2 protein chains.
Amino acid sequence: MRTKPAIQRDLLGAAVLQVRSGRAVSRSSLAAALGLAPSTVGLYVDQLIAGGYIDESGLDRGPIGRPKRRLTPQPGAGWFAGVEFNAERVQAVRVDFAGQRVASQVKRLPGTADTRTVLQAIKTCVAALGKNAQGPLLAIGAGAPGVVDPRTGVSAEYAFFPGWHDVSLADVLRERFEVAVAVENNLRAIALAERWFGGGRDYDDYVVLGPRSGFGVAIVHQGRLMRGAHHAAGEIGRWPWPGDGSAPSREMQDALSAPAIWRRLADATTRVPLPEDLRAALAGLASVSGAAWDAIVADYARVIACLQLVLDTERFFLHGPLTGLGERFCTEVERAVRAKSPALAAMPLKIVPSALGDDAGALGAASLAMEAWVPAAGE
Amino acid sequence: MRTKPAIQRDLLGAAVLQVRSGRAVSRSSLAAALGLAPSTVGLYVDQLIAGGYIDESGLDRGPIGRPKRRLTPQPGAGWFAGVEFNAERVQAVRVDFAGQRVASQVKRLPGTADTRTVLQAIKTCVAALGKNAQGPLLAIGAGAPGVVDPRTGVSAEYAFFPGWHDVSLADVLRERFEVAVAVENNLRAIALAERWFGGGRDYDDYVVLGPRSGFGVAIVHQGRLMRGAHHAAGEIGRWPWPGDGSAPSREMQDALSAPAIWRRLADATTRVPLPEDLRAALAGLASVSGAAWDAIVADYARVIACLQLVLDTERFFLHGPLTGLGERFCTEVERAVRAKSPALAAMPLKIVPSALGDDAGALGAASLAMEAWVPAAGE
DNA sequence: CAATATTATTGCGCTTTCGAATTAAAGCAC
DNA sequence: GTGCTTTAATTCGAAAGCGCAATAATATTG
C-alpha cells in the first residue's frame, strides 16, 4: 500500500483512456503511453482500481522477463452515450465503460421536423439508452451536421430544420442529463469512431471520405482531428469542378455525392430515374462497369490525388452509402490514382471501405463522450 | 535570492523562445505563455539571468497596477546560423541571441555542382557567418529542397545535384561545427520564417504559397508545421490540372509555377521568348492585364479555393518571385475566389504577399536553429 | 497625502512526480 | 534445482512545480 495519493483528474482520465483503447495493457506500457515515470503510474493505477474503474485481469507473458499484470476497464463502472442526427433520423448508441457498444436507438424524423422536435428526439433517444444500463451515465457525445464549435458546443447551421441556428446542443443536453457533453461535426465524429472502433486504430494520419448528400472529408493528423481555423476544414464538396460541357461551372459534390453517383450509374444503365431502393441492387452488383463507372472512378481518383498531395496521409476510409460499391471500387480508384499521378505512384496509398456500419457517427459521438469524461475527484 | 534551482533544460529553452519571440514580456506573461505557476517561472528567470541569456530592461507600465519588469534576451549571448540552398545558390544568415538578423552570406553554385561541392559551400557559408560574431555559435538550422526528414536530418532527393540521395545534412554539419543541427524542407522553413520574422506572428493557421520552379505549399496548423505522414504534405504542384485543349493532361505546376506564369504573360504581350531579366520589368509593371492576366488570376483562385476548403486556414502568404506581381495580384485572386466559390464568400479569406525578402528560407532555417537550441545545464 | 484598488513578483510549505535502487516474476543455461 | 538474464512493478528519498499568502509597485480616489 502506497502512501501518496495522486489527484490529477485529467491525467487519471487520460490513463483510463489509454487502458480502454488497448494501447496500454499494463502499468509499464501505460507509463510509456502517458510519458510518466513508472512509479507515478503505479499511484494512478492504485487510484483507479480503488475507484472501481479498472481492474487487474491476469498476466501477459512475454517471451522473457516478468509478465505484465494486465489492466482492464470495468465494464460496469458506468456508460457513455453517443448521439448523432441528420435530416432523416436520430441515432444513438450506448457504450459501456470498457468501450464496448452495448445498445442502440434509432428514431426517424418526420419531414416536418423543426429544431424543438429534433432536440426532443435526441433527448428521448439518450434517455432510452439508459434502460438496463450498468452504472451511471458518465458523459454524452453528440455529432451534428455542418459547422460545429466543439469548444462551445454550438451547432451553427442546418438548412433542413427550420430555426436551426447557433443551437447550443451542449447546453441542452448538459441541462437535461447533468453530465459532461462534447459536441463535434458529424463526419469528424466518424473519424473518431474509426480511431476507437475501426481501422483508424493503427494509423495516426488518415482521412475519412464522406460522400453523402454532399461530400466532406475529416482529417486526422498526428492522431488529432484537424478542424481548421473556423471548424470548416474538409468541406471539399464545394471544390470548383469542371463542367461537363453543357453545364457551366459546378461544385465537386454535384458530380460525386452519393445521389450524384447513383444518378450517373442509373443514367448509364437504364436511362430511367433511379428508385430509392435500386441503391441496394446497384450496390450489391459486383459487375457494374462501363463508361459511367470508369468516369466515376477517374473523378474519385482525381479528388484523392489532390487530397493526398496536400495532406500526405497514410490511409483513406470510405464511409457512407458508397461503401456499398465494395472493395473493388476502392481498389480501382487506388489504381487510377497511381496511373494518373506519377508523383504518387511510388508513395504508399491505401483506400479502404470502412468496416463500421451505419451507426459510425453515433459510435464516434460516444468516443467524444469517452474522451470528455474524467473520473470524479476525491477518494 | 531564491533557494530552489530549476533545471528542466527544455523548459528553460522554451522560456527563452517565448521571451525572444516577444510573446512573453515579463515574468507574469511568461508564466501564462508556458502554462506554469508564476513562482516557478521566477526560478527559471533567475537561472536565465544568471546564465547571461536574458536581462531585465526597465519597466512596462500598464494602465494600472504594478508595472511589469521587462525581460529581454541578451543579443551577445551567442548566435544562430540559418542556411538554405537550391540549385542556384547557398544562402545563409546569422541571427543574434535576441533574434535579430545581423549578417548574411550568399554563394552562387556552378551549374556543375555535385553533392560534395554543395556540402562544402554550405559549410563555408556557415563558417564565414562567424566573422565578428558576438558569443559562440549555438545551433544551426538548414533548409533543403524536396523531402526532408527533420527527425533524422536527412534530405532524401534533389535531382539537380548528381549523387544527392539521402544526404544526412544534420550529421555533416554537426560533425563540422559541433552544435545542435535542425533540418527542414525549404518551404516549411519559410513558413517558420513567417512565424518568427513576418506576418505569421499573428496567426496560428496559415499557408505559405511557394510558386517557384515548381509549386508547393507549407501548412501551419495550430501553430505547428503540418508535415504529413511521409514529410510530403503540400506538394500541390503535382495536382492533376485540366489540359488547355492541345496538351492532354498536365500538372498544376506546368501552368502555375513562376516560369510558367512568366511564359504566359510574355506570350500574351510579345509572342517572343522571355529573357531572364524581363521578369523584373514585368513584375514592376502595375498595368499588366488582359486575358492572360485574368486567366492566371482565375487559375490561382481555383487553387486557393481548393486549399481553403480543405484546410480552412486564416491567411495565405505568397512567397517567391511572384510577389513581384504585387498586392494587386493578391487582391484580385482574393476577389476571384469569393466570386467563384459561394461557400467561401462569407468566410474571412486573406492573401498577402510576404514582407520577407529573398533570404526568407535562410531566416526560417535560423528559426529552426533557435527552436532547436536549449541552454546548457548549468550548475 | 493617505487609503484603496490593481497588477506583478516573491517566499514558503506542500503535493506531485521523478529517479535510482530494490524487489518480483518469469525463462534459460547448466 | 541454482544461478543468470530480462522485464515489470514498487519503494523511498529528492526535486520540481504549485497554491496561496505576503510583499511590492504603480494609479486612482477621496
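The structure under discussion appears in the preceding block.
Residues numbered from 1 in each chain as written. Chains lettered and ligands numbered in written order. Predicted model: local features only at pLDDT ≥ 70, side-chain atom pairs only at ≥ 80, totals over all residues.

Explain the overall build of chain A to me, please; I cannot follow it from the model alone.
If you tally the helices and strands in chain A, you get 13 helices and 17 strands. Within chain A, counting contacts between residues at least 6 apart in sequence, those at least 24 apart form 62% of the total. (Helix = DSSP H or I, 4+ residues; strand = E, 2+ residues; numbered from the N terminus. Contact = placed C-beta atoms within 7 Å.)

Please clarify how the sheet that holds strand S16 (residues 315-318) of chain A should be interpreted in this entry.
Adjacent strands of a sheet form backbone hydrogen bonds with each other and so pair up, either parallel or antiparallel. All names here are of chain A. Judged by pairing direction, the sheet is mixed, and its 5 strands sit side by side in the order S13-S12-S11-S16-S17 without closing on themselves. The sheet terminates laterally at strand S13 (224-226) and strand S17 (351-353), the two strands that pair on one side only. Pairwise comparison of adjacent strand axes, ignoring direction, gives a mean angle of 25 degrees for this sheet. Along the sheet face, helix H6 (residues 186-197) touches strand S11 (206-211), strand S12 (215-221), S13 and S16 and points at about 45 degrees away from the line of S12. (Pairing = 2+ DSSP bridges. Axes fitted to C-alpha atoms, helices over the stretch in contact; angles between N-to-C directions.)

Would you mind going over the interface of chain A and chain B with me for this structure?
Buried accessible area, meaning the area lost when the parts come together, often serves as the stated size of an interface. With 28 residues of chain A at the contact, the number on the chain B side is 28 residues. The element best represented in the side of chain A that touches chain B is helix H10 (residues 291-311) of chain A, accounting for 6 residues. Within the side of chain A that touches chain B, the residues separate by chemical class into 15 nonpolar, 6 polar and 7 charged. (Nonpolar A, V, L, I, M, F, W, Y, C, P; charged D, E, K, R; others polar.)

Before we go on, may I ask you to explain the protein's contact with DNA strand C in this structure?
Around DNA strand C there are 29 residues in total, and Ser39(A), Arg66(A), Ser39(B), Gly65(B) and Arg66(B) lie nearest to it. Secondary-structure elements contributing two or more residues to the surface near DNA strand C are helix H3 (38-50) of chain A together with helix H2 (27-34), helix H3 (38-50) and strand S2 (68-73) of chain B. Sort the elements by how many residues they give to the surface near DNA strand C and H3(B) lands first, with 3 residues. Partitioned by chemical class, the residues of the surface near DNA strand C number 11 nonpolar, 10 polar and 8 charged. (Near = placed C-beta within 6 Å.)

Before we go on, may I ask you to explain the protein's contact with DNA strand D in this structure?
Taken together, 29 residues form the shell around DNA strand D, and within it Ser28(A), Ser39(A), Gly65(A), Arg66(A) and Arg66(B) come nearest. Secondary-structure elements contributing two or more residues to the surface near DNA strand D are helix H2 (27-34), H3 and strand S2 (68-73) of chain A together with H3 of chain B. In terms of residue count, H3(A) provides more of the surface near DNA strand D than any other element does, 3 residues in total. Within the surface near DNA strand D, the residues separate by chemical class into 11 nonpolar, 10 polar and 8 charged.

Got a minute to help me understand the relation of the copies chain A and chain B in this structure?
Relating one copy of the chain to the other takes a rotation about an axis and a shift parallel to that axis. With an RMSD of 0.1 Å, the fit of chain A onto chain B corresponds to turning through 180 degrees and sliding 0.1 Å along the axis. Here the copies are linked by what is in effect a two-fold axis. By residue overlap, the copies meet face to face through one surface: 100% of the interface positions of chain A are interface positions in chain B. (Least-squares fit on C-alpha atoms with pLDDT ≥ 70 in both.)

Could you clarify how one ought to interpret the sheet that holds strand S9 (residues 165-168) of chain B in this entry?
All names here are of chain B. On the basis of which strands lie adjacent, the open sheet formed by 3 strands has the order S7-S8-S9 and antiparallel pairing. Every interior strand has two partners, whereas the edge strands, strand S7 (148-149) and S9, have only one. Two strands pair when backbone bridges link them, and strand S8 (residues 154-157) and S9 are joined in this way by 3 bridges, in the antiparallel orientation. Each residue of the ladder has a partner; that of Ser 155, found in S9, is Val 167. Strands S8 and S9 of the sheet are contacted by helix H5 (residues 169-177), whose axis makes an angle of about 25 degrees with S9.

Just to check I follow, could you spell out helix H4 (residues 115-129) of chain B for this structure?
Side chains three or four residues apart in an α-helix point the same way, a direct result of the helix having 3.6 residues per turn. Residue and element names in this part refer to chain B. With 15 residues, H4 should cover 21 Å at 1.5 Å per step; its first-to-last C-alpha distance of 22 Å lies within 8% of that length. Along H4, the residues classified as buried are Val 118, Leu 119, Ala 121, Ile 122, Cys 125, Val 126 and Leu 129. Burial along H4 is one-sided: seen end-on, the buried residues are contained in an arc of 160 degrees. Those residues of H4 that are buried lie in contact with strand S3 (79-85), strand S4 (89-96), strand S5 (101-108), strand S6 (137-144) and H5. (Expected span 1.5 Å × (residues − 1). Buried ≥ 20, exposed ≤ 12 C-beta atoms within 10 Å, placed from the backbone. Arc of directions from axis to C-beta.)

Before we go on, may I ask you to explain the packing of helix H6 (residues 186-197) of chain B against helix H13 (residues 360-372) of chain B in this structure?
For any two helices packed against each other, the geometry is given by the interaxial angle and the distance between the axes. Residues and elements named next belong to chain B. Interhelical geometry of H6 versus H13 gives an angle of 75 degrees and a closest axis separation of 7 Å. Relative to H13, the element H6 lies roughly perpendicular. Across the interface between the two elements, Asn 186, Ala 189, Ile 190, Ala 191, Leu 192, Ala 193, Arg 195, Trp 196 and Phe 197 from H6 touch Ala 360, Gly 361, Leu 363, Gly 364, Ala 365, Ser 367 and Leu 368 from H13. A breakdown of the residues in the contact of H6 with H13 according to their chemical character gives 11 nonpolar, 4 polar and 1 charged. (Parallel < 35°, antiparallel > 145°, perpendicular 65-115°, else oblique.)

For this particular structure, what's the right way to read the packing of helix H1 (residues 9-21) of chain A against H2(A)?
All names here are of chain A. At their nearest, the axes of H1 and H2 sit 10 Å apart, and the two run at 120 degrees to each other. Relative to H2, the crossing made by H1 is right-handed. Contacts between H1 and H2 involve Ala 14, Ala 15, Gln 18 and Val 19 from the first element and Leu 30, Ala 33 and Leu 34 from the second. (Left-handed = near helix turned anticlockwise from the far one by under 90°.)

Would you take a moment to explain H3(A) for this structure?
Residues and elements named next belong to chain A. Taking 1.5 Å of rise per residue, 13 residues should cover 18 Å, and H3 covers 18 Å from first to last C-alpha, within 8% of that figure. Listed as buried for H3 are Val 41, Tyr 44, Val 45, Gln 47 and Leu 48. Taken end-on, H3 shows its buried residues confined to a sector of 155 degrees, consistent with a single buried face. Among the exposed residues of H3, those oriented more than 90 degrees off its buried face are Ser 39 and Ala 50.

Would you explain the environment of Val374(B) in this entry?
Residue and element names in this part refer to chain B. For Val 374, the position within the fold is in the segment after H13. With 18 C-beta atoms counted inside 10 Å, the residue Val 374 sits in the partly exposed group. Separated by 63 residues in the primary sequence, Val 374 and Leu 311 have C-alpha atoms spaced 33 Å apart.

For this particular structure, what's the right way to read the environment of Glu184(B)?
Residues and elements named next belong to chain B. With respect to the helices and strands, the residue Glu 184 is situated in strand S10 (residues 180-185). Given 30 C-beta atoms within 10 Å, Glu 184 falls into the buried group. When the C-alpha atoms of Glu 184 and Ala 144 are compared, they prove to be 6.4 Å apart, with 40 residues separating the residues in sequence. Setting aside anything within four residues of it in sequence, one finds Glu 184 in contact with Gly 143, Val 148, Pro 150, Ala 189 and Leu 368.

Before we go on, may I ask you to explain the pairing of S5(B) in this structure?
Side chains on a regular strand alternate between the two faces of the sheet. Residues and elements named next belong to chain B. The pairing of S4 with S5 spans 7 bridges and is classified as antiparallel. Looking at S5, one finds that Gln 91 is bridged to Val 106. The loop that links S4 with its antiparallel partner S5 comprises 4 residues; one of these, Gly 99, has a positive phi angle of about 90 degrees.

For this particular structure, what's the right way to read unusual backbone geometry?
It is generally the case that most residues other than glycine have a negative phi and that most peptide bonds are trans. All names here are of chain A. Notably, Gln 222 is not glycine yet its phi reads approximately 55 degrees, a positive angle. Summarising the element assignment, Gln 222 is placed in the loop between S12 and S13. Residue class for Gln 222 comes out partly exposed when judged on the 13 C-beta atoms lying within 10 Å of it.

Before we go on, may I ask you to explain the environment of Ser257(A) in this structure?
Residues and elements named next belong to chain A. Residue position: Ser 257 is located in the loop between helix H7 (252-256) and helix H8 (258-269). Considering only alpha carbons, one finds Ser 257 and Gly 210, 47 residues apart in sequence, at a separation of 8.6 Å. Beyond its immediate chain neighbours, meaning those up to four positions away, Ser 257 contacts Pro 211, Arg 212, Ser 213, Gly 214, Phe 215 and Gly 237.

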